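Listed below are the residues making up each chain.
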2 protein chains.
Amino acid sequence: MIFIYDEILKSIKLSDNQRNNLLEFSNNLMKIILDYAKSRDIDVECKLVGSLAKKTSLINKADIDIFMSFPLSYDEELLKEYGLMLGEYCIEKAGGIAEKRYASHPYMTGIINDEEIDFVPCYRIKDSSQLKSAVDRTILHTDYVTSHLTDKEADEVLLLKKFMSSVNTYGANYKVSGFSGYLCELLILEYHSFKNVIEAASTKWHDKFIIDLEDYGTSHKFNTSLIAIDPVDKNRNVAAALSTQKFFEFITAARNFIENPSKEYFNNPQVNIEKDELKEEFIKRNTTTVVLSFDVPSLPTDVIYPQVNKTMTSIINYSNHYHFNIIDGKYYIDSENTAHILLEYEIGQLPNIEVHKGPLIQDSKNSMKFKQKYPHAYVDNKRWASINQRMYTNVYDMIRNILKEENINQIKLGKDVKEEILNKFSLVDICDYVDCMQNEEYEEIYEYLNPNYRIYRKD
Amino acid sequence: MIFIYDEILKSIKLSDNQRNNLLEFSNNLMKIILDYAKSRDIDVECKLVGSLAKKTSLINKADIDIFMSFPLSYDEELLKEYGLMLGEYCIEKAGGIAEKRYASHPYMTGIINDEEIDFVPCYRIKDSSQLKSAVDRTILHTDYVTSHLTDKEADEVLLLKKFMSSVNTYGANYKVSGFSGYLCELLILEYHSFKNVIEAASTKWHDKFIIDLEDYGTSHKFNTSLIAIDPVDKNRNVAAALSTQKFFEFITAARNFIENPSKEYFNNPQVNIEKDELKEEFIKRNTTTVVLSFDVPSLPTDVIYPQVNKTMTSIINYSNHYHFNIIDGKYYIDSENTAHILLEYEIGQLPNIEVHKGPLIQDSKNSMKFKQKYPHAYVDNKRWASINQRMYTNVYDMIRNILKEENINQIKLGKDVKEEILNKFSLVDICDYVDCMQNEEYEEIYEYLNPNYRIYRKD
C-alpha cells in the first residue's frame, strides 16, 4: 500500500518549489504591510496561518491566509479600521483587486497573481482565555499544529483530506457538514497516520466518540456524534459542525476502503447516466416523487443552505402530519441560484376519509367535546373514534396549499426563502423534472438514487 | 317517564295468565319425571330455573329450563345416563320430539306445544365449593335471585334487558359478547332500578368497574372492563364474557338515552337503505374495501364465530405486517352458513419499494450481516437503511397468496375455517359484493358504515 500512498501524495502535495514560491510571495505581502504600518506607527504583527503554514494544504487548495494581529489595547473599531486599511493597501500595492467580506467579522480579500489571499485583522492573544472573536483562535490553531505535527504527519493529513474529499465527508460548511481541515489535523495528531485513522474509524468509533488530545476531560459538555476537544480551548468542540450522517458515512467509507483498498477512494467518482435511466429508476419504484423549485438570493452557502434545509424539513413535518409518508428527500441549489427540494412519497393519493382517535369513553367531559366536534364519533373499545374527511388527499394539493400566502406562516421557512416562494415556485413530478434539468443536476439525482456511490467504490 | 316505562313493560312482560300457564305446564313436566324416577328408584329432584323462575323473562324469550338434580354420590356417567333418559322420556310422554345437545355437558331439548324446553342433569349442591360442572351453578343463581329480587325489581330487569337488547349489548354468546341475563339481574340488585343503572353507567362506570354484591373483595383476580363478582361464587366474574367494546357501547347508549329518553331505545331499529346508497358511501370514502367469503360448517355459534374472528384478526395482523393499514373490519355468518369478512384498507396499492431500517452503524457485526443481506444498504444517520422490493404491492394479491395451501399455515385460522377456505373462497370488492348480497346482509353493511345506529336513536 505504501507505494500507492506515495503515488497519491505526489499528485496532491505541493512541490518544495511551489511551496517556497508561495511562502516567498506571502512574506513579500507581509513586508508591505509591516513597512506601511511602521510608517504610520501602527502596532501590528503579520502571520501566515492556515493549511499553507501547517504544510497541510492540498495542491489545488493552497489558499494564503494572512492574519494581522493588533494589541488588546486597540478597541474593536480601531482594529477593524486598521485591518481593512492595511489589507486594502497591500492588495493594491501588489497590483490586485481588493474586496471587503464578512465572516464573524470583516476581512479583506484580494486576487493577486491568480492567488486568492485573505487579510484578516485579529487580536494578539496568548491563550484562549483572551479570545475576543472566533478568528483570534486561528493563530493559536496554527501554532499548535505547527509545533506538534511532524512533516510525515502533515503528509498523512493530506491523504486524509483527499480521501475525505473524495467520499464527500470533507468540509465544515453547512452544505457538506463534514470534517474541517483542523479536525483532520487533530485526527492525525491522535492517530499519527491516515491508515491508523481509517482503522480506528472502522473498528473503534461509535456515537459520542471522544478525541481529547490534551486530556482536558471536558467532553461531557458536548453531545455530537464525534466530540473533539480543541487542544487550544477546552470549552470548544472542533467537531461541532460535523453531522451524524457524515460521521457515519466516513466510518462506512473507512470500512469499505479496508475491505478493498482501491486508489479510487482518492478520486471523485464520475457519473455516467442518461436521463431515461434516471426516470426509469423512479418509475420502477412506483412512488410519488415531486420536486419543488424556487429561486434563492445570492447569499453565502452557510446563510442560504440552512434556510432551504429548514424549508424541506418543514414540508416533511407537514406531510407527516397529514399522513403522507416520506421515503426520503434531498435538496440542493444549482449554479443559477435555483433551489430544488426533492421529496419521495410512498403514496401521492390517500383516501377521502381517515380515522381520528378520541378520548377515553369514561372521560365524560372530553367525550362531550369530542362528540360535539365529531357528531358521528363511535365507540372503538375504550376510546372514541371518528371517521373524518381528510384535509388533503393529494400531495400536490397539500404542498401548493401550504405555500399560499395565507397559509405559509404555518410552516417555518427561512426569511429569504419565504419571499422567493411567495413570488414563484414550481412543483413537478420527478420525470418531468428530469426531462428539463441541466447537466450539473444529473449527479444530484443520481446520488439520491445511489446513496452509496461516493463511499463505496469498485476498482 | 314512568308512564313510558309502564307502557313498555306491558309489551315485554308475561301476563299473570301467561305466566301461570307456563308454570303449570312446567310443573306437569316435572311431575312426569318425578313419577317415572320414583318407579325406577332414581334419586332426582326437579327444579324450574332460569328467567322464567326468576320472573325476569322477556315475553318472547320465556324459555323453560328444567334442571334435574342428582345426589353427589352418583358418578358422572350415571348422572348423564339418568338425565338424558328422564328428559327423553318426559318429552316423548308429553308428545314432543327429543334432541340431545351439548353445552359444557350433554342435555336434552324438546319442542312440546311449540315451547322449547331444556332438560339439564346436574348435581344437587349447597354452595359453590361443591361445584362439579358449570351447570350446577345455575340452581344456585336461581335461588340467589329469587330470594333477593323483589317483584318490582324483576320488572326493572325486564326494562334493562329490553333496552340492552335494542342497543345490541345483550347476550353473553360470542357473537354479541354482551351482558348476560344473570348480569342484568345483578345490576338491578346493585342499583334497584333500570333508571339507576342507566345513571350509574353514564356517570360513574369506568374501565375495571367493580360490582361486588356480597363484598367478597376478590375483584383483583379479574381484569375485564366490568368485573361482577358472582354472589354465589367469589372466584367467578359474571362479566367475563362481556367485551370492552360492548361495555362502553352500553355506557354510551345510557348517556344518549339520558340526553333524549326516547322509547325508541326499546325497539330494534329498522334499516331502510338501497344497495346503491351503500355502494355510494364506500365510493365516497375512496378506500379499498374487500370482502372475503367462505362456507362454514353448521356448528354452534360459540364454536364457529371465534374461528371466523381469529381468521379476520390473522389477516389484519398479516396486512399490518405488510403495511396495508386497516381502517376497520367486521365479520358475520349469513343464514346459509357463509362467513363474510369485510376489510376496509386505507390503500389497496402500495409502491414497489419500501424502506427497511437496519442496525446501528457502530455495531459492526450486525452491520456486516445487514450489508450481506441488503448489498445496497446505505447510511441513514446512525443506522443502516435499505430500499427493498415490497413483498406485496396489492391487497388482493396478498390475501390470495396467504390463503394458498402452501402458505396458509403462516397465519392462524380455526381448524374448520381453514379446511373450508382451502376448499373455496371468494374475494371481491365491496361494490361487487353489495351488488350480489341477500336482503339480510343489508343491515350488516349498514351497521359497518353507521356504527352508532343502534346506540343512538332519534325520536
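Residues numbered from 1 in each chain as written. Chains lettered and ligands numbered in written order. Predicted model: local features only at pLDDT ≥ 70, side-chain atom pairs only at ≥ 80, totals over all residues. Heavy atoms only, no water.

Things to note about the overall build of chain A
Test applied: The helix count covers DSSP runs of H or I at least four residues long, the strand count covers runs of E at least two residues long, and both are numbered beginning at the N terminus. To sort residues, take the accessible area from a 1.4 Å probe on protein chains only and compare it with the maximum for the residue type: under 20% means buried, over 50% means exposed, and anything in between is partly exposed. Contact criterion: two residues are considered in contact whenever any of their non-hydrogen atoms come within 4.5 Å of each other. Per-residue and other accessible areas were derived by the Shrake-Rupley procedure at a 1.4 Å probe size, with only the shown protein chains allowed to occlude residues. When charges are counted, neither His nor the chain ends are considered; positive counts come from Lys and Arg and negative counts from Asp and Glu. We put the charge of a Lys on NZ, of an Arg on CZ, of an Asp on CG and of a Glu on CD.
Of regular secondary structure, chain A possesses 16 helices and 15 strands. The dimensions of chain A, computed from C-alpha atoms along their principal axes, are 85 × 55 × 50 Å. Within chain A, the proportion of its 459 residues that are buried is 53%. Long-range contacts, defined as pairs at least 24 residues apart, comprise 65% of the intrachain contacts of chain A with a sequence gap of at least 6. Here chain A has roughly 21,900 Å² of accessible surface; of this, 46% comes from carbon and sulfur atoms. Measuring between centres, the 54 positive side-chain charges of chain A sit 6 Å from its 70 negative side-chain charges.

Overview of the interface of chain B and chain A
The test is simple: What counts as a salt bridge is simple: a side-chain nitrogen of Lys or Arg found within 4 Å of a carboxyl oxygen of Asp or Glu. What qualifies as a polar contact is a pair of N or O atoms within 3.5 Å, subject to a donor-acceptor requirement within protein and to the restriction that residues adjacent in sequence count only when both atoms come from side chains.
Counting from both sides, the interface comprises 46 residues of chain B and, opposite them, 46 residues of chain A. Connecting chain B to chain A are four salt bridges. Residues Lys382(A) and Asp207(B) are paired through a salt bridge, measuring 2.8 Å at the closest nitrogen-oxygen approach. Counting across the interface, chain B meets chain A through 20 residue pairs in polar contact (both at pLDDT 80 or more).

Side note on the pattern of salt bridges
In a structure, side chains of opposite charge can pair up when their charged atoms sit close to one another. Residues and elements named next belong to chain A. Summed over all chains, the structure comprises 58 salt bridges over all chains. Across the salt bridge formed by Lys-279 and Asp-276, the nearest N and O atoms sit 3.9 Å from each other. Separated by three residues within a single helix, Lys-279 and Asp-276 lie in helix H10 (residues 275-285), roughly one turn from each other. Exposure remark for Lys-279: the relative accessible area of 16% places this residue in the buried category.

A word on the relation of the copies chain B and chain A
Put simply, the two copies of the chain differ by a rotation about an axis and a shift along that axis. What counts, and what does not: When the copies are superposed, the least-squares fit takes in the C-alpha atoms of residues with a pLDDT of at least 70 in both.
Screw-axis analysis of chain B against chain A gives a translation of 0.0 Å along the axis, an RMSD of 0.1 Å, and a rotation angle of 180°. Each copy turns onto its partner about a two-fold axis. When C-alpha distances to the rotation axis are compared across chain B, the minimum falls at Ile347(B), with a value of 4.5 Å. Both copies share a contact surface, since 100% of the interface residues of chain B are interface residues in chain A too.

Some details on the packing of helix H6 (residues 151-166) of chain B against helix H8 (residues 194-203) of chain B
Helix packing for two helices is described by the angle between their axes and how far apart those axes are. All names here are of chain B. Test applied: As a rule, the C-alpha atoms of each element are fitted with a line to give its axis, helices using only the stretch in contact, and angles between N-to-C directions run from 0 to 180 degrees. Should an angle lie under 35 degrees it is considered roughly parallel, over 145 roughly antiparallel, and from 65 to 115 roughly perpendicular; all remaining angles are considered oblique. Residues are grouped as follows: Ala, Val, Leu, Ile, Met, Phe, Trp, Tyr, Cys and Pro are nonpolar; Asp, Glu, Lys and Arg are charged; all remaining types, including Gly, are polar.
The contact between H6 and H8 brings their axes to 8 Å, and the two run at 50°. With respect to each other, H6 and H8 are oriented oblique. Counting all contacts with H6, which are made through Glu-156, Leu-159, Leu-160 and Phe-163, the residues of H8 involved are Phe-194, Lys-195, Val-197 and Ile-198. In terms of residue class, the contact of H6 with H8 is made up of six nonpolar, no polar and two charged.

Let's talk about the sheet that holds strand E9 (residues 288-295) of chain B
Residues and elements named next belong to chain B. Selection criterion: At least two DSSP bridges between two strands are needed for those strands to be called paired.
A sheet is described by the order of its strands in space; here four strands give the open sequence E10-E11-E9-E15, paired in antiparallel fashion. Both outer strands of the open sheet, strand E10 (326-333) and strand E15 (426-429), are each paired with one neighbouring strand and no more. Put simply, the sheet's adjacent strands are angled 15° from each other on average, direction ignored. Two elements, E10 and strand E11 (residues 338-345), share seven bridges in a ladder whose sense is antiparallel. From the neighbouring strand, Asp-328 faces E11, where its bridge partner is Glu-344. Contacting E9, E10 and E11, helix H11 (residues 301-321) runs over the sheet at an angle of about 160° to E10.

Comments concerning the environment of Ile97(B)
All names here are of chain B. Residue placement: Ile-97 occurs in strand E3 (residues 97-102). Residues Ile-97 and Ile-112, 15 residues apart in the sequence, show an inter-C-alpha distance of 7.2 Å. With near-sequence residues (within four places) excluded, Ile-97 lies in contact with Ile-91, Thr-109, Gly-110 and Ile-111.

Quick word on the confidence of the model for chain A
We count it as follows: Each residue carries a pLDDT score, the predictor's confidence in it, ranging from 0 to 100.
Mean pLDDT over chain A: 94, with 99% of residues reaching 70 or higher. Confidence metrics for the complex model read pTM 0.87 and ipTM 0.90.

So, the nonpolar core
What counts, and what does not: We define a nonpolar core as any set of buried Ala, Val, Leu, Ile, Met, Phe, Trp, Tyr and Cys residues linked to one another through side-chain atoms lying within 4.5 Å.
Counting 89 residues, the largest nonpolar core has Phe119(A), Phe163(A), Phe179(A), Trp205(A) and Phe250(A) as its most contacted members. A per-element tally of this core places helix H7 (residues 181-191) of chain A first, with eight residues. Apart from the residues within four sequence positions on either side, Phe163(A) is in contact with Phe194(A), Ile198(A), Phe250(A), Ala253(A), Ala254(A), Phe257(A), Tyr265(A) and Phe266(A). Among the nonpolar cores identified, the runner-up in size contains 88 residues, and Leu22(B), Leu149(B), Ala253(B) and Ala254(B) belong to it.

A few points about the sheet that holds strand E5 (residues 115-123) of chain B
Residue and element names in this part refer to chain B. What the five strands build is an open sheet, ordered E1-E2-E5-E4-E3; its pairing is mixed. Each edge of the open sheet carries a strand with a single partner, namely strand E1 (45-49) and E3. Recorded for the sheet is a direction-independent mean angle of 25° between the axes of neighbouring strands. Relative to strand E2 (residues 64-70), E1 is paired through five bridges, and the arrangement is antiparallel. Residue pairing for E2: Lys-47 is matched across the bridge by Phe-67.

Some points on the packing of aromatic side chains
What counts is decided by this rule: Each pair of aromatic rings taken from Phe, Tyr and Trp, with Trp reduced to its six-membered ring, is defined by centres within 6.5 Å and is described as stacked if the planes are under 30 degrees apart, edge-to-face if over 60, and tilted in the remaining cases. Whether a charge sits over a ring comes down to the Lys NZ or Arg CZ being within 6 Å of the ring centre and within 35 degrees of the ring normal.
Across all of its chains, the model carries 58 aromatic pairs over all chains by this definition. With centroids separated by 5.5 Å and ring planes inclined at 80°, the aromatic side chains of Phe257(A) and Tyr265(A) adopt a geometry described as edge-to-face. By relative accessible area, Phe257(A) is classed as buried at 4%. Summarising the aromatic geometry, the rings of Phe282(B) and Tyr448(B) are spaced 6.3 Å apart at their centres and angled 10° between planes, so their arrangement reads as stacked. One end of the pair, Phe282(B), is in helix H10 (residues 275-285); the other, Tyr448(B), is in helix H16 (residues 442-449), and 166 residues separate them in sequence. In this pair, the class of Phe282(B) matches that of Tyr448(B), namely buried. When the ring centre of Tyr123(B) is taken as origin, the NZ or CZ atom of Lys132(B), which lies over that ring, is 4.8 Å away. We note Arg457(B) situated over the ring of Tyr265(B); from NZ or CZ to the ring centre the distance is 5.8 Å.

Here's the deal with the packing of helix H8 (residues 194-203) of chain A against helix H9 (residues 244-259) of chain A
Residues and elements named next belong to chain A. Operational definition: It is the rotation of the near helix from the far one that decides the hand of a crossing: anticlockwise by less than a right angle makes it left-handed, clockwise makes it right-handed.
Running from amino to carboxyl end, H8 crosses H9 at an angle of 110°, the nearest separation of the two axes being 8 Å. By the angle between their axes, H8 is roughly perpendicular relative to H9. Seen along the crossing, H8 lies across H9 with a hand that is left-handed. Taking contact as the criterion, the partners of Phe-194, Val-197, Ile-198, Glu-199, Ala-201 and Ser-202 in H8 are, on H9, Phe-250, Ile-251, Ala-254, Arg-255, Phe-257 and Ile-258. Among the residues forming the contact of H8 with H9, the class breakdown is nine nonpolar, one polar and two charged.

A short note on the side chain of Ser57(B)
Tracing the backbone shows Ser57(B) in the loop between helix H3 (50-54) and E2. Not counting chain neighbours up to four residues away, the residues in contact with Ser57(B) comprise Ile12(B), Leu14(B), Ser51(B), Leu52(B), Ala62(B) and Leu158(B).

What to know about unusual backbone geometry
With the exception of glycine, most residues fall at negative phi, and the peptide bonds are largely trans. All names here are of chain A. Positive phi, normally seen in glycine, also occurs at Lys-55, with a value near 60°. By secondary structure assignment, the location of Lys-55 is in the loop between helix H3 (50-54) and strand E2 (64-70). For Lys-55, a relative accessible area of 36% gives the class partly exposed.

Thoughts on the environment of Leu187(B)
All names here are of chain B. Of note, Leu-187 is situated in helix H7 (residues 181-191). For Leu-187, a relative accessible area of 1% translates into the label buried. The spatial distance from the C-alpha of Leu-187 to the C-alpha of Ala-228 is 8.8 Å, given a sequence separation of 41 residues. Among residues more than four places away in sequence, those in contact with Leu-187 are Leu-160, Met-164, Phe-179, His-192, Val-197, Trp-205 and Ile-211.

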